[in-house]
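# Close look at the chain arrangement
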Amino acid sequence: MAHTAGLGVTSTVMSEALWAEVADERNAKVTKDMLQEAERLAGLEFTDDERELMVEGLNKYLQGYQKLREVPIANSVAPAVQFNPVVPPMKFERKTGRLRMSKGRRRKVPSDLEQLAFWPVTDLARLVGSGKVSSTELTKMYLARLKRYDSTLECVVTLTEELALRQAKRADEEIAAGDYRGPLHGIPWGAKDLLAVKGYKTTWGAMPYKDQVIDCDATVVERLEAAGAVLVAKLTLGALAWGDVWFGGKTRNPWDPEKGSSGSSAGPASATAAGLVGFSIGSETHGSIVSPCTVCGTTGLRPTFGRVSRYGAMALSWSMDKIGPICRTVEDCALVLHAVAGPDGRDSTLVDVPFNWNASLDVKGLKVGYLKSAFEEKRSDEQWKANDLATLDVLRGLGLELTPIELPDYPIETMSLILSVEAAAAFDELTRSGRDDLLVRQIKNAWPNRFREARTVPAVEYIQANRLRTLVMNAMQDKLAGIDAYVCPSWVGKNLHLTNLTGHPAVVLPNGLRKEGTPSSVSFVGRLFGEDKLLALAKAYQDATAFHLKHPTL
């Protein structure tokens, strides 16, 4: 049976209890009794005379809703209202500098090329750029590993083998001719399957879209091709960007294949951790880069909202979606961001602020904070807490003076309705058609139920939540006025949700192992469009430790 959308009652919608009474939209009519039930959802109570005055207008709304629904609206169409994380009087660097990579290590080419599987992009680039290893050789090695381990990890939706071999051949020819495009030239990568690639399916990990082909390349795909990178696979995501369960199974954690890889960038994190790609591209709305990177022991970057184009990517929440790299090192993330960032004339939320990467930046000159209460909070996983506290010791050992800070005190979890409402709008047709029944997960904490719940959120409350969001953004601007970045536990407190709402960038990276032998992580958060200093700080920590060098044995 098709699910019929709830009735708008100025700022309210009718309750689930009355859903069936208007199941046939042609005969639907709002009555005073329906209105009285709907008032409860808005926390209001009208008099009978007030209801009498409202009924006629509400029925006109109902007729208007049906007319609106007769106009097809693709997922790619954004609302006319835009989110901007920048609050006055913020100012940014406008001068573009050159890319300054680290010198890296001198490493010999191994006799078995498969030993390159876990090498970072910085090292792979020197081999490919010098011609010591061809892009074709590297691509064939990664393709073989993808084929060998996908049955265990369930991280691949589609192999793009034909495209990959063609791109690798071109890269080898260009490099041999002296036309070297930069550190990503010839490096194999994987795309979260919410990014459109012309000629290939873009399934969004969901059964209703498993045969969908979008006739364009996402901006991120275009820019990585322009950088000479080689696309070897479209990787899994939890259905419609939630969790690690997709229409083909459950993506596994390479450290413990009995467990999932978390999500929703499940495939990119799993494949990168398992050495199946050189790097990958994921996306985050609430925690979809931070969470799987934590579980799989990879290094991920959630850029500032407005830094990387979402053109050609599935929309879940127009005011919260962000696209970013999942890699083996912090500097790899910087190299990928350098290639994909900046306005494209398509995504109107983008801000033209240069990203100037300098791997030699002296972090001793940075002002760094830490979320004191989050580090002190009691936890069930004492080993993870110990790893987090040890992270602070390492940073102090680098000569950094850490300033204790706390986040603005607002009801952040309540504001999750912003994501739910925007997602319900993005997939309105899926809910009303009843095809949401095709999604694999049909439980309380899954999209089909959340989409339906969101239809009962009063429009006024959605606006009020966004007004509260403005207060949080201003408060964060004040909190970060005296620091360049801060460190925090990845999964403790409200930092993850809050900074996704405010659009701040974050780097997540491994900081040890838990008792069961799986990775733990710590996160660094920077100022808006301050990825240069944020990444430099995270790199300094990573260079002082060796946790990112550990990898699972398959």
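Small disclaimer: the values here were computed from a predicted structure and weren't measured.

## Looking at the overall build of the chain
Scanning the chain for helices and strands turns up 17 helices and 17 strands. For 554 residues, the compact-globule estimate of 2.2 N^0.38 gives 24 Å, and the C-alpha radius of gyration of the chain, at 24 Å, lies within 12% of that figure. Counting over 554 residues, the chain shows a buried share of 58%. Contacts spanning at least 24 positions in sequence make up 75% of the contacts within the chain whose residues lie at least 6 apart. Looking at the chain as shown, the accessible area adds up to about 23,200 Å², and 51% of this sits on carbon and sulfur atoms. Side-chain charges of the chain comprise 67 positive and 67 negative groups, with the mean position of each set lying 6 Å from the other.

## With respect to the environment of Arg455
Following the sequence through the fold, Arg455 ends up in the loop between helix H14 (447-454) and helix H15 (459-479). Judged by relative accessible area, Arg455 falls into the buried class, the value being 17%. There is a polar contact of 2.6 Å between the side chain of Arg455 and the side chain of Asp428.

## Quick look at the pattern of salt bridges
Counted under the stated rule, the structure contains 35 salt bridges. With a closest N to O distance of 3.5 Å, Arg170 and Glu225 form a salt bridge. Here the residue Arg170 occupies a position in helix H5 (residues 161-176), and Glu225 occupies one in helix H6 (residues 219-226), the gap between them amounting to 55 residues. Across the salt bridge formed by Asp409 and Lys494, the nearest N and O atoms sit 3.7 Å from each other. On the criterion of sequence distance, the pair formed by Asp409 in the loop between strand S14 (402-405) and helix H12 (417-426) and Lys494 in the loop between strand S15 (485-489) and helix H16 (495-502) is long-range, its members being 85 residues apart. Overall, the relative accessible area of 25% leaves Lys494 in the partly exposed class.

## Brief notes about the state of the cysteines
Taken as a whole, this structure holds zero disulfides when the rule is applied. As a non-bridged cysteine, Cys155 has Cys296 as the owner of its nearest cysteine sulfur, 9.5 Å distant. Under the relative-accessibility criterion, Cys155 is labelled buried at 0%.

## Side note on the side chain of Arg307
Turning to its location among the elements, Arg307 is positioned in the loop between strand S11 (299-302) and strand S12 (322-327). Judged by relative accessible area, Arg307 falls into the buried class, the value being 1%. Dropping the residues within four chain positions of it, Arg307 is found in contact with Leu337, Ala341, Gly342, Leu350, Val353, Pro354, Phe355, Phe529 and Glu531.

## Regarding the pairing of S15
Within S15, five of the five residues are buried, which leaves it mostly tucked inside the rest of the structure. Relative to S15, strand S13 (residues 368-371) runs parallel, the two sharing three bridges. Bridge pairing in S15 links Tyr370 to Val487. Summarising the sheet, S15 and strand S17 (residues 519-526) pair through five bridges and their orientation is antiparallel. Each bridged residue has a counterpart across the sheet, and for Cys488 the counterpart in S17 is Ser523.

## Points about the packing of H12 against H15
If you want to describe how two helices pack, look at the angle between their axes and the distance between the axes. Two numbers describe how H12 lies on H15: the axes approach to 9 Å, and their chain directions differ by 130°. The angle between H12 and H15 places the two elements in the oblique class. When you trace H12 past H15, the crossing you get is left-handed. Counted together, Leu417, Ile418, Val421 and Glu422 of H12 and Glu461, Tyr462, Ala465, Asn466 and Arg469 of H15 form the full contact between these two elements. Looking at side-chain class alone, the contact of H12 with H15 contains five nonpolar, one polar and three charged residues.

Conventions used here
Residues numbered from 1 in each chain as written. Predicted model: local features only at pLDDT ≥ 70, side-chain atom pairs only at ≥ 80, totals over all residues. Heavy atoms only, no water. Helix = DSSP H or I, 4+ residues; strand = E, 2+ residues; numbered from the N terminus. Rg over C-alpha atoms; globule rule 2.2 N^0.38 Å. Buried < 20%, exposed > 50% of the residue type's maximum accessible area, 1.4 Å probe, protein only. Contact = heavy atoms within 4.5 Å. Areas by Shrake-Rupley, 256 points an atom, 1.4 Å probe, with all protein chains shown as cover. Lys, Arg positive; Asp, Glu negative; His and termini not counted. Charge placed at Lys NZ, Arg CZ, Asp CG, Glu CD. Polar contact = N/O pair within 3.5 Å; in protein donor to acceptor, adjacent residues only side chain to side chain. Salt bridge = Lys/Arg side-chain N within 4 Å of Asp/Glu carboxyl O. Disulfide = S-S within 2.5 Å. Pairing = 2+ DSSP bridges. Axes fitted to C-alpha atoms, helices over the stretch in contact; angles between N-to-C directions. Parallel < 35°, antiparallel > 145°, perpendicular 65-115°, else oblique. Left-handed = near helix turned anticlockwise from the far one by under 90°. Nonpolar A, V, L, I, M, F, W, Y, C, P; charged D, E, K, R; others polar.

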